[in-house]
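# Structural overview
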Amino acid sequence: MRFQPQTFSSERHLIATVPITAVCHGETYSAAECDAIRANFGFPEIRLSSSFSIMSPLFTNNSCSPFSVKEAPCTLGNHVSYTTIEFAAEYNICLVIRNTGHDYNGKSTGTGSLAIWVRELSDIELIAKYESAVYTGRAIKVGVGVLVKDVYAFADKHEGIAVGGNCPTISLAGGFMYGMTADQGKLITATTTENKDLVVRTLIASLPAMVDNGLHVIWTLPPVTGVGVSQTTINKLFDPTLNTLKQICPQYRYESYSFSSYDSYQKLKIPGPNVSDTIIGGRMIPRSVVEENIDSFITTIRSNIESNFIIVGITQDVSAHSSKSVSLNPYWREALVNIAMGTFYYYEDYETNLKNQDVITKELIPKLAALAADGAAYMNEAHFQQPD
């Protein structure tokens, strides 16, 4: 049956897609509005009120780009055609669920598809006494459109802690909850002026002890956080790295803070990564690689960096949580580090973006995969061309 939009009644709230970048093309061109789009295109906030705009531009197939000439046609490309909050199964149309469009792999869009836009389902409620077979106590009930930053603020207001993602523009209810993110507690920011292997080796060798003591460590980007971990303990865990750093780089910056609430921590305004300006791939590295094969691990990291790709390691201990209470891919319990690698998206050179994707697929991911047989990748930060 061929779908026609007029088949839907007005009560079904069908929203036709008009790209937010349409102001950069054709009869709808507006120089001022287009300049504003270009200036903010790399940030997720510009898409939060859109029912269809995805944050990862690679999956738009370069359609209706604000960086192309205004005479270029503005087509939908891979964007959904219509958005609806109700769907009749009898039409047999491809359906996608989308909230803010925060996704590295384009899962919230599809050519010619319908989308259920859940962003406005944003109710949040405190349940004073929740009871289940595995938990009794206070809980938060959230709509699927509620963003993690709003949940954290709500929990903080009610003297509680919520666990979710570290990017503020993702949905809590729509995500894969595994309890790996520390959202309140102590903060460490550590940077080096030179990325020497000696310092890298010392830091990586210290990671098992850090996560064993409750830290969530992100390198090469700050912060390091530890809920309920004393500032003294965190400083001691960084002593080996800092002592090594002093030997080769006497001038460095190391800061640690203690926060009594999420709100006070949030005021530090630590910048986070943007989905919109990144081409990404990833691989999970088991603890055994760091403890038994650290030289090969460091060599692989350096090789990828020398290929002009950025490496970020997200380090945590998921095995500390009972498998009966946490729904999680079992490989997370072996993993110490989730490596996310990537490079910047070139808005005016789409072909270079495709070439960089191939470098990740054919060269960089295989090097990481070779470190551990039968490995795995975290789906939300994986490479969409990853063969396994």
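Everything quoted here is computed from the prediction, not taken from an experiment.

### Digging into the overall build of the protein
The helix and strand tally for the protein stands at 8 helices and 13 strands. Taking all 388 residues of the protein together, the buried fraction comes to 48%. Pairs at least 24 apart in sequence give 71% of the contacts found in the protein among residues at least 6 apart. Summing over all exposed atoms, the protein offers an accessible surface of approximately 19,500 Å²; the carbon and sulfur share of this is 52%.

### A few points about the packing of aromatic side chains
A complete count under the given rule lists 8 aromatic pairs for this structure. Ring geometry for Phe41 and Phe67: centres 6.0 Å apart, planes at 75°, overall edge-to-face. Linking Phe41 in the loop between α1 (31-40) and β2 (82-83) with Phe67 in the loop between α1 and β2, this pair joins segments that are 26 residues apart in sequence. Centroid distance Phe238 to Tyr254: 5.9 Å. Interplanar angle 50°. Geometry classified as tilted. Highlighted residues: Phe238 in helix α4 (residues 231-248) and Tyr254 in strand β10 (residues 253-258), separated in sequence by 16 residues. Owing to a relative accessible area of 4%, Phe238 belongs among the buried residues under this scheme. For Tyr254, a relative accessible area of 22% puts it in the partly exposed group. In this structure an aromatic cluster arises from ring pairing among Phe41, Phe67, Tyr345 and Tyr347.

### Let's talk about helix α8 (residues 350-369)
Along its 20 residues, α8 runs 27 Å from first to last C-alpha, staying within 8% of the 28 Å computed at 1.5 Å per residue. When the local axis directions of α8 are compared, the greatest deviation, roughly 40°, occurs at Ile360. For α8, the full list of buried residues reads Tyr350, Asn353, Asn356, Gln357, Ile360, Thr361, Leu364, Ile365 and Leu368. On the buried face of α8, the contacting elements are β11 (278-286), α7 (294-306) and β13 (335-344).

### Focus on the pairing of strand β3 (residues 95-98)
Side chains Val96 and Arg98 project from β3 onto a buried face, and the interleaved Leu95 and Ile97 project onto a face without burial. In this sheet, strand β4 (residues 114-117) lies alongside β3 in parallel orientation, the contact comprising 4 bridges. In the sheet register, Ile97 faces β4, and the bridge partner there is Ile116.

### Here's the deal with unusual backbone geometry
Even without being glycine, Glu159 reaches a positive phi, approximately 55°. Residue placement: Glu159 occurs in the loop between α2 (148-157) and β7 (186-191). We classify Glu159 as exposed; its relative accessible area is 75%.

### Side note on α4
Since one α-helical turn is 3.6 residues long, residues separated by three or four positions face the same way. End to end, α4 covers 25 Å across 18 residues, agreeing with the expected 26 Å (1.5 Å per residue, within 8%). The sharpest bend along α4 comes to roughly 45°, located at Asp239, with the proline Pro240 sitting one to four residues further on. Regarding α4, the residues found buried are Ile234, Leu237, Phe238, Thr241, Leu242, Thr244 and Leu245.

### Observations regarding the environment of Cys74
Along the chain, Cys74 falls in the loop between α1 and β2. Separated by 53 residues in the primary sequence, Cys74 and Thr21 place their C-alpha atoms 8.1 Å from one another. Setting aside residues no more than four positions away along its own chain, Cys74 makes contact with Pro19, Ala22, His25 and Cys64.

Definitions and cut-offs
- Residues numbered from 1 in each chain as written.
- Predicted model: local features only at pLDDT ≥ 70, side-chain atom pairs only at ≥ 80, totals over all residues.
- Heavy atoms only, no water.
- Helix = DSSP H or I, 4+ residues; strand = E, 2+ residues; numbered from the N terminus.
- Buried < 20%, exposed > 50% of the residue type's maximum accessible area, 1.4 Å probe, protein only.
- Contact = heavy atoms within 4.5 Å.
- Areas by Shrake-Rupley, 256 points an atom, 1.4 Å probe, with all protein chains shown as cover.
- Phe/Tyr/Trp six-rings, centres within 6.5 Å; stacked < 30°, edge-to-face > 60°.
- Expected span 1.5 Å × (residues − 1).
- Bend = angle between axes of the 7 residues up to and from the residue.
- Pairing = 2+ DSSP bridges.

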